[in-house]
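Each chain, written out:
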Amino acid sequence: MKKLLLLFTLLVGISLHCAAQNYTEVVYLKNGSIIRGIIIEQIPNSSLKIQTADGSIFAYPMNEVEKITKEVGASKNRH
């Protein structure tokens, strides 16, 4: 019984971990541009860096950012 409970707990943990990585962060800029990727650095009220699926890294001052959201996507480019 303990093995079954342990197995169930591990499966739930792994499932939650995988589901959490299935989101892409989306940065909407005030100039109308939309950048999808993983935010790798964010300094509140200062700047952010986002890495796109092709490995490119873009940096923007926060005064150019309109909003930041997350959407379901296939971006698993975490290094």
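Definitions and cut-offs
Residues numbered from 1 in each chain as written. Predicted model: local features only at pLDDT ≥ 70, side-chain atom pairs only at ≥ 80, totals over all residues. Heavy atoms only, no water. Core = buried A, V, L, I, M, F, W, Y, C linked by side-chain atoms within 4.5 Å. Buried < 20%, exposed > 50% of the residue type's maximum accessible area, 1.4 Å probe, protein only. Helix = DSSP H or I, 4+ residues; strand = E, 2+ residues; numbered from the N terminus. Contact = heavy atoms within 4.5 Å. Pairing = 2+ DSSP bridges. Axes fitted to C-alpha atoms, helices over the stretch in contact; angles between N-to-C directions.

**Student:** So what exactly am I meant to see when it comes to the nonpolar core here?
**Tutor:** Among soluble globular proteins, nonpolar side chains are generally buried collectively. Counting residues in hydrophobic clusters, the biggest one holds eight residues: Val27, Leu29, Ile35, Ile39, Leu48, Ile50, Tyr60 and Val65. Breaking this core down by element, the ones donating at least two residues are strand S1 (23-29), strand S2 (34-43) and strand S3 (47-51). When neighbours within four sequence positions are excluded, Val65 is seen to be in contact with Val27, Tyr28, Leu29, Lys30, Leu48 and Tyr60.

**Student:** Honestly, the sheet that holds strand S5 (residues 65-72) in this entry has me stumped. Any pointers?
**Tutor:** Hydrogen bonds between backbone atoms are what pair the strands of a sheet, whose relative direction is either parallel or antiparallel. Taken together, five strands build an open sheet; the order of strands is S4-S3-S2-S1-S5 and the sheet is antiparallel. Where the open sheet ends on each side, the last strands, each with one partner, are strand S4 (57-61) and S5. In this sheet, neighbouring strand axes are inclined to one another by 45° on average, regardless of whether the strands run parallel or antiparallel. Strand direction decides the pairing type here: S1 and S2, joined by four bridges, are antiparallel. Its bridge partner being in S2, Glu25 is matched across the sheet by Gly37.

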